[in-house]
Amino acid sequence: MYPRAIENYFAPTDVAEVLTLLQQHGEQAKLLAGGQSLMPLMKLRLAEPQTIIDLNQVAALDDIREENGRLYIGALARHADVATHPLILQSYPLLADAARNIGDPQIRNRGTIAGSLVHADPSADYPPAVMALDGQLVVAKADGGTRTVLIDDFLAGPLMSDIGEDELVTRIEIPAPTPHSGGAYAKHSQVAGDFAIISVAAHITLDPSGICRQASIVVGGVIPKPGRAEQAAGLLQGKILDAPLLTQAGEAAAEEVETEDDVRASAAYRSQLIRVTVPEVVRQASTRAEE
Ligand SMILES: Cc1cc2nc3c(=O)[nH]c(=O)nc-3n(C[C@H](O)[C@H](O)[C@H](O)COP(=O)(O)OP(=O)(O)OC[C@H]3O[C@@H](n4cnc5c(N)ncnc54)[C@H](O)[C@@H]3O)c2cc1C
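First, a word on what this report is: a plain description of the structure on this page.

Reading the values: rules and limits
- Residues numbered from 1 in each chain as written.
- Predicted model: local features only at pLDDT ≥ 70, side-chain atom pairs only at ≥ 80, totals over all residues.
- Heavy atoms only, no water.
- Helix = DSSP H or I, 4+ residues; strand = E, 2+ residues; numbered from the N terminus.
- Rg over C-alpha atoms; globule rule 2.2 N^0.38 Å.
- Buried < 20%, exposed > 50% of the residue type's maximum accessible area, 1.4 Å probe, protein only.
- Contact = heavy atoms within 4.5 Å.
- Patch = residues over 30% accessible without salt bridge, like charges linked within 9 Å, V, L, I, M, F, W, Y side chains within 5 Å.
- Areas by Shrake-Rupley, 256 points an atom, 1.4 Å probe, with all protein chains shown as cover.
- Salt bridge = Lys/Arg side-chain N within 4 Å of Asp/Glu carboxyl O.
- Lys, Arg positive; Asp, Glu negative; His and termini not counted.
- Charge placed at Lys NZ, Arg CZ, Asp CG, Glu CD.
- Near = heavy atom within 4 Å.
- Polar contact = N/O pair within 3.5 Å; in protein donor to acceptor, adjacent residues only side chain to side chain.
- Nonpolar A, V, L, I, M, F, W, Y, C, P; charged D, E, K, R; others polar.
- Pairing = 2+ DSSP bridges.

Now for the overall build of the protein chain. In terms of helices and strands, the protein chain carries 12 helices and 14 strands. What you see for the protein chain is a C-alpha radius of gyration of 19 Å, in line with the 19 Å of a compact globule of 291 residues. Seen through its C-alpha atoms, the protein chain measures out along the principal axes to roughly 60 × 45 × 30 Å. Per-residue burial over the protein chain gives 51% buried out of 291 residues. Across the protein chain, every contact between residues at least 6 apart in sequence was considered, and the portion connecting residues at least 24 apart equals 61%.

With that settled, consider a negative patch on the surface. On the surface, E27, D143, E165 and D166 cluster together into a patch of negative charge. Along the chain, the position of E27 falls in the loop between helix 1 (15-25) and strand 2 (29-32).

Next up on the list: the site of the ligand. Neighbouring the ligand are 30 residues; L31, S37, L38, T112 and D125 lie closest to it. A distance of 2.8 Å separates an oxygen atom of the ligand from a polar atom in the backbone of A33. In the environment of the ligand, an oxygen atom lies 3.1 Å from a nitrogen or oxygen atom belonging to the backbone of G103. Contact with the protein chains hides 88% of the accessible area of the ligand, taken as 970 Å² for the molecule alone. Counting only elements with at least two residues in the shell around the ligand, the list comes to strand 2, helix 7 (113-119) and strand 10 (167-175). Looking at the shell around the ligand, the element that brings in the most residues is helix 7, giving four residues. Its residues assigned to classes, the shell around the ligand shows 14 nonpolar, 12 polar and four charged.

Moving on, we come to the pairing of strand 11 (residues 181-188). Counted residue by residue, strand 11 has six buried out of eight residues, so it is predominantly covered. Pairing of strand 11 with strand 12 (residues 198-206), which is carried by eight bridges, proceeds in the antiparallel orientation. Residue H188 lies in a different strand from strand 12, and its bridge partner there is I198.

No statement about biological role is implied by the geometric values presented.
Printed below as a string of structure tokens:
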């Protein structure tokens, strides 16, 4: 289906201009980033904005850098940039793993990290990865204010996120990893390039003797939004991550994360995938932590 015709199209070149446009048109407007979720929604007429505010000409919204002990990823950074950026590959490989798993090359060349997080598909790849890394979003408001929101609070439910009609996500911030930290991400889907049936993100910090000091495990592909496997992560703390312990963590994660049937998979199959994937992903994360 063709989208309903829009009345206004704007292509601002800086953030201040975007915010002014949001103030004037916010209620009937949609921000357009990569368009890889918005355009399908418009074609299905599930979104019928009168006004499109195209972010693609806005300068300096796509930079990726480390500053003040944090990774800054501009809202317009494309999935392909996140998947291949040397700094991310070196220090935040879990994020690169997630970006590399999104859709196909065309989607990765257009889609943006902020667009994905705002769209908040519970089976998307970034949400569990950004959760495992304790990321937060910086949001600029039309009234000139700025707020920072933790990813766990930002993701509100299926296709629901904590963003107002007059707000723009300007960047994602991730705390720089401490020494001996490592992360990994894996996804199971029906076919390559599809959304996740189940995905698992893990971030591990070891002490110099190899004992786990901190662990985050997040499971995607479940509703209403990716879930933290806190009991599984708790089992790992203060221990050497040997095979029996990882199996135990997989069991615990399968027990504590609720799964449901849908067109892609049954709840039981999802639980089994969690059971076998958590040990693999934690093992890879801990190998990276040792490197
Ligand atoms: C065929 C296909 C396969 C896909 N497969 C996957 C997959 O395997 N895994 C996966 O994770 N995703 C997948 N996607 C979704 C893809 O990752 C999208 O790129 C992403 O969900 C949205 O990013 P975008 O930049 O395209 O956002 P857009 O579509 O432009 O926007 C999405 C929403 O975010 C809002 N928005 C965008 N930027 C901002 C901002 N800076 N501030 C505030 N609001 C903003 C828009 O107004 C809109 O509501 C797929 C999409 C398609 C079409």
